[in-house]
Amino acid sequence: MSNTINYGMVIDQERCIGCEACSVACHIENNSTKFWIKVETQGGIEKDTPGGKFPNLTLSFLPKLCNHCSNPPCVEVCSVEALQKRDDSLVVLDQKLCTGCELCIEACPYNAIAFNEEMRLAEKCSLCAHRIDDGLEPFCVICCEGQAIIFGDLNDSGSRISQLLLKKKNFQLGPELGTNPSVYYLPPKTKREL
Amino acid sequence: MEENSEIRKIRTACPQHCGIDACGILAHIKDDRVIKLEPADFPEERDRRICLRGLYSLDVTYHHDRIKFPMKRVGERGEGKFERITWEEAYDEIVENFEKISEEYGWRAIGWVLGGPGAGTTKFGAYLRIASLTQSTRVSAWGYGDAGLPCGSRTIFGHQFPYFYLFGKFWQRIWSEVIIVWGTNPAETMPLQNMRKIMDAKEEGTQVIVVDPRFTITASKADQYIGLKPATDSALALGLMNIIFKNNLYDKNFVLEQTNGPYLVRTDNGKLLRGKDIGEKKLESYVLWNETANAYNLVRRKNVKDASLTGTYTINGLECKSVFQLLMELASEYTPEKTEEITSIKAELIEKLARRIATAKDVTFITHMGFTRTYHGDISLRSMITLASITGNVITSFTSGNIPATLNWNPFLKAIPDKPSFHRLGILNLYNAVIKGQPYPIKAVWFSFINFLNQCVDVNKVINEFFPKLDFIVQTELFMTPTAKYADLILPVCSFLEFSDFLYMPYPYLQLQQKVIEPLFESKSDVSIVSELAERLGFGDYFKGGEESMIDMIMDNSSMSGVNREVLKKGAVKLKSLPEGSNIPMSFGTPSGKIELYAEQLVEDGEALPVYLPPIEAPITPNNKKYPLTFIQGHSRFRTHSSFANVGSLLEMNPEPVVEINSIDSEVRGIVSNDYVTVFNDRGKTTLKALVSESVGPGVVNITEGWWIDQFKEGSVNHLTHDIINPVQEKVYEPNMHMNDVAVQIKKWEE
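Presented here is an overview of the structure given in this document. (Residues numbered from 1 in each chain as written. Chains lettered and ligands numbered in written order. Predicted model: local features only at pLDDT ≥ 70, side-chain atom pairs only at ≥ 80, totals over all residues.)

## Quick notes on the overall build of chain A
Logical step 1: Assigned secondary structure in chain A consists of six helices and 11 strands.
Logical step 2: Taken over the C-alpha trace, chain A has a radius of gyration of 17 Å; the compact-globule value for 194 residues is 16 Å, and the two agree within 12%.
Logical step 3: Referenced to the eigenvectors of the C-alpha coordinate spread, the extents of chain A come out at roughly 60 × 40 × 30 Å.
Logical step 4: Sorting the 194 residues of chain A into buried and exposed places 43% on the buried side.
Logical step 5: Within chain A, residue pairs in contact and separated by at least 24 positions form 58% of the contacts whose partners lie at least 6 positions apart. (Helix = DSSP H or I, 4+ residues; strand = E, 2+ residues; numbered from the N terminus. Rg over C-alpha atoms; globule rule 2.2 N^0.38 Å. Buried ≥ 20, exposed ≤ 12 C-beta atoms within 10 Å, placed from the backbone. Contact = placed C-beta atoms within 7 Å.)

Laid out in structure tokens, this is it:
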């Protein structure tokens, strides 16, 4: 077991009901101008609609946020060091240093960094670093209606998050990009049809 | 108090009309302003909860459109022109009008039209108490979509609600092998109290099946979705029973011991055979056929086990069949092929579903109001419960868990024990009381926590025939809703953070909705308004002590011993647990004390058995050329009925109403997503955007309810609905509104 902390997140698509309480919680907690977590519909083209033909349908949800990559492309392009990869793996933005050049927004392959039109600066998810530093969980985690978001230390093999990743099939977004996200997903379970 | 002296934290609870979710809320307050809401702690951490609306509740409390002071109408009704008055003037106006009307028509001509109080109790109780004291009319809002389920539950279980009989163990986290979610969408309407548990159960191996005409988010979580035509639930239940009976897969012992299945029915008049019919001294005793003795027996507690469930017998010259025999005969008509024809579910799938239900160790049926909002919705519920009963899936005793709280409603339902209390009218009966003076005239209405015009059926009728007949309309409100515009007097009320109430939800907890800040502007709590009005009507003594004394009054019951207002200020309290080794039978309040598969009181109505009767209007068979589409109203997570519809932050996520239409129906009409379309029938029309979606099957269109009338391009959902009364529901309990039993046509909008 490594003695450094490596925070990460697991989002269980089986339990996500697409309610967007995470988006709202994050918006309130961080006073953001845009949603830093966006819930994507997997199924039909329009939000909340299923794919297939009635009554043989599928619908699931994929909440997307900053992946707090191990190799974050945004940090690499930030010339003023406003974006930092913390030792505990969080990728955080210091708006006081940000110049609003938008290079990070272009660099992020996950479209996870937003532009704050009022301040003309970047804004992004810090995984609620301010709460983590106070010993609290990210706000989206405690507000998740489906209890689908699990937060913890990926380096602690005894943590719930590590155990889940050990036992359950999981995936990261864009594994081919070499970013190595700290956000993992558990796909919906195979349906046991009649 | 926290270490940061500037920020205070108070635990309260959200009482919105999503009802049983009743989230515990921790409010953060700075300089008398609430700055943040977060999920409060519960004794069990996994019960901590909040939803997206709860998170955005400050946008209600601090909404710039809040009604800030009492207002009196100066323009025409509906025009929205009001002038500010003082509370003193408002009370004078009310007293003057009430006195004038009561002199001419009696106090019963004044109706308190109370909508859904949500998880709240005393804010509702206060109005009952004043109605009781003045012997005016309490207009019950059950018929506002929520009477179909009680009608069915009262008939088969003899109890207002079926929940504890069907899923009391589920609420105690005892999972069954199969869960069937029937006609309800907890993922959007009860995500915390029900959906979370469904997902917990599924994670631990339960197979989840969802029966719904609409592919809801709940359906998306199911192992198997069963999509059926609206209002055909009884046909499905009978089709399933048919297969179960044919293959002898029913739970014989359960039927014998817990239901009136073995009781004999006279074939000449459909009545249950009684002692008096066959010369027995016990005149009212039910009769069964004893298989081994080959003779009849009067029903006693212990002899039901030996009863015969099938066959035809002649006793004293009267031909009789058991209830169960009659049920089998009814079900035999519903072959898989015929059931497919009615419901549109494939025969093969019906066969598989029946076998799964019958062979699983246990099945939990989770249900709510949605599918009962059809003309025969009460029978839909009964048929589903009959299916649960013949497979032994009704809970008949409790061996563990927490004892539900019983509230002391007496002082509210009957304020003075030896005097008559209020008159009672169902909300659908209110239409005729106002329009035709039947059964007696109502001349004044007081609307509280209800957006009547928006949420009740047949808007054009309400505007053109109902409102003009009223001499006086009062509305307590936070906002200028479509209904408030028609009021003569609007009284500003508090949001939930500005007053206290007692909540006995979510099971198994008790909570205090604790006042967090003082009422904003000139708003008052409902309890304060009633108390101050009561003072002027000479009943002030009954309301001394305000909200707090009301809370103490309603909590005055042994089921809450040791728990009081002070204790609840600190947090939610768990209800008392049953002692180990308990085995408490659940009683059935039916005439026989059994689960009544056969309701003798409905013989004349042809509904003694849970028969399948076609919907009153929903064109499930293509015989209605003019209006060939069935219109249903699902519920949205962005609103609680019509609450939150005006909250900007939620509107950013879900900006306007849409009608969901299947691609088969949209293509023949040349409609694509985002086209404006008009949905219409003979009663009215509404224009809104189309969303072509497979979430509804062919022949069905859905608009989620709760959008305000002015949020549509024209009309609204209830411009399309009807006020047809089902007389059986009126007889059993009170008539329900049938929002999901409506025929419409759709065309592209013509400007």
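## Comments concerning the overall build of chain B
Logical step 1: On a plain count of helices and strands, chain B comes out with 25 helices and 31 strands.
Logical step 2: For a compact globule of 751 residues, the expected C-alpha radius of gyration is about 27 Å, and chain B comes in at 26 Å, within 12% of that figure.
Logical step 3: With 751 residues in all, chain B has 56% of them scored as buried.
Logical step 4: Counting only contacts in chain B whose residues sit at least 6 apart along the sequence, the fraction spanning at least 24 positions is 74%.

## What about helix α5 (residues 148-156) of chain B?
Residue and element names in this part refer to chain B.
Logical step 1: Across the nine residues that make up α5, a large majority, nine, are buried.
Logical step 2: By the burial criterion, the buried members of α5 are G148, L149, P150, C151, G152, S153, R154, T155 and I156.
Logical step 3: Positive phi appears at G158, one or two residues downstream of α5, with a value of about 70°.

## Looking at the interface of chain B and chain A
Logical step 1: On the chain A side, the residues contacting the 35 residues of chain B number 29 residues.
Logical step 2: Where the side of chain B that touches chain A is concerned, the elements lending two or more residues are β3 (33-39), α1 (52-55), α8 (191-203), α9 (217-220), β10 (224-227) and α14 (347-359) of chain B.
Logical step 3: In the side of chain B that touches chain A, the residues fall into 18 nonpolar, nine polar and eight charged. (Nonpolar A, V, L, I, M, F, W, Y, C, P; charged D, E, K, R; others polar.)

## Quick look at the sheet that holds strand β16 (residues 363-367) of chain B
Residue and element names in this part refer to chain B.
Logical step 1: Read across the open sheet, the four strands follow the order β10-β9-β8-β16; overall the sheet is parallel. A strand with exactly one partner marks an edge of an open sheet, and here the two such strands are β10 and β16. Here the average twist between neighbouring strands, direction ignored, is 15°.
Logical step 2: Bridge count for strand β9 (residues 207-212) against β10 is four bridges, and the pairing is parallel. Bridge assignment links I209 to a residue of β10, and that residue is Q224.
Logical step 3: In the packing of α8 onto the sheet, contacts are made with β8 (178-182), β9 and β16, and the angle to β8 comes to roughly 150°. (Pairing = 2+ DSSP bridges. Axes fitted to C-alpha atoms, helices over the stretch in contact; angles between N-to-C directions.)

## Remarks on the pairing of strand β7 (residues 137-140) of chain B
Residue and element names in this part refer to chain B.
Logical step 1: Of the two faces of β7, the one holding T137 and V139 and the one holding R138 and S140 are both buried throughout.
Logical step 2: Here strand β6 (residues 110-114) runs beside β7; their pairing, made up of three bridges, is parallel. When the bridges of β7 are listed, G111 appears paired with T137.
Logical step 3: A crossover links β6 with its parallel partner β7, the connecting element being helix α4 (residues 122-134), and its sense is right-handed.
Logical step 4: As defined by bridge partners, β7 adjoins strand β18 (residues 423-426) across four bridges and the pair is classed as parallel. Its bridge partner lying in β18, T137 is registered against H423. (Right-handed = clockwise from strand over helix to strand, strands pointing away.)

## Considering α14(B)
All names here are of chain B.
Logical step 1: When the terminal C-alpha atoms of α14 are compared, their 18 Å separation across 13 residues agrees well with the 18 Å that a helix rising 1.5 Å per residue should span.
Logical step 2: Inspection of α14 places I350, L353, A354, I357 and A358 among the buried residues, and these make up the whole buried set. Viewed along the axis of α14, the buried residues span an arc of 125°, placing them on a single side of the element.
Logical step 3: Buried positions along α14 lie against β8, β10, α10 (233-246), α13 (336-343) and β16. (Expected span 1.5 Å × (residues − 1). Arc of directions from axis to C-beta.)

## Considerations on the environment of B:S140
All names here are of chain B.
Logical step 1: Examined against the element boundaries, S140 turns out to sit in strand β7.
Logical step 2: S140 sits 25 residues away from G115 along the chain, and the two C-alpha atoms are 7.9 Å apart.
Logical step 3: Discounting chain neighbours no more than four positions away, the residues touching S140 are R424, G426, I427 and E734.

## Here we look at the sheet that holds β18(B)
Residues and elements named next belong to chain B.
Logical step 1: Here eight strands make up an open sheet; going across it, the order is β5-β4-β21-β20-β19-β6-β7-β18 and the pairing mixed. The open sheet is flanked by β5 (82-84) and β18, the only strands paired with a single partner. Here the strands of the sheet are splayed against their neighbours by 20° on average, with no regard to which way each runs.
Logical step 2: Across three bridges, the pairing between strand β4 (residues 71-73) and β5 is antiparallel. Looking at β5, one finds that R73 is bridged to F82.
Logical step 3: Running over the sheet, helix α17 (residues 427-435) touches β6, β7 and β18 and is turned about 100° from β18.

## So, the packing of helix α3 (residues 87-105) of chain B against helix α20 (residues 526-536) of chain B
Residue and element names in this part refer to chain B.
Logical step 1: As a packed pair, α3 and α20 sit with axes 10 Å apart at the nearest point and diverge in direction by 60°. For the element pair α3 / α20, the angle class is oblique. Pair α3 / α20 crosses with right-handed handedness. Contacts from Y91, I94 and V95 of α3 reach α20 at E532, L533 and R536.
Logical step 2: Residue composition of the contact of α3 with α20, grouped by class: four nonpolar, no polar and two charged. (Parallel < 35°, antiparallel > 145°, perpendicular 65-115°, else oblique. Left-handed = near helix turned anticlockwise from the far one by under 90°.)

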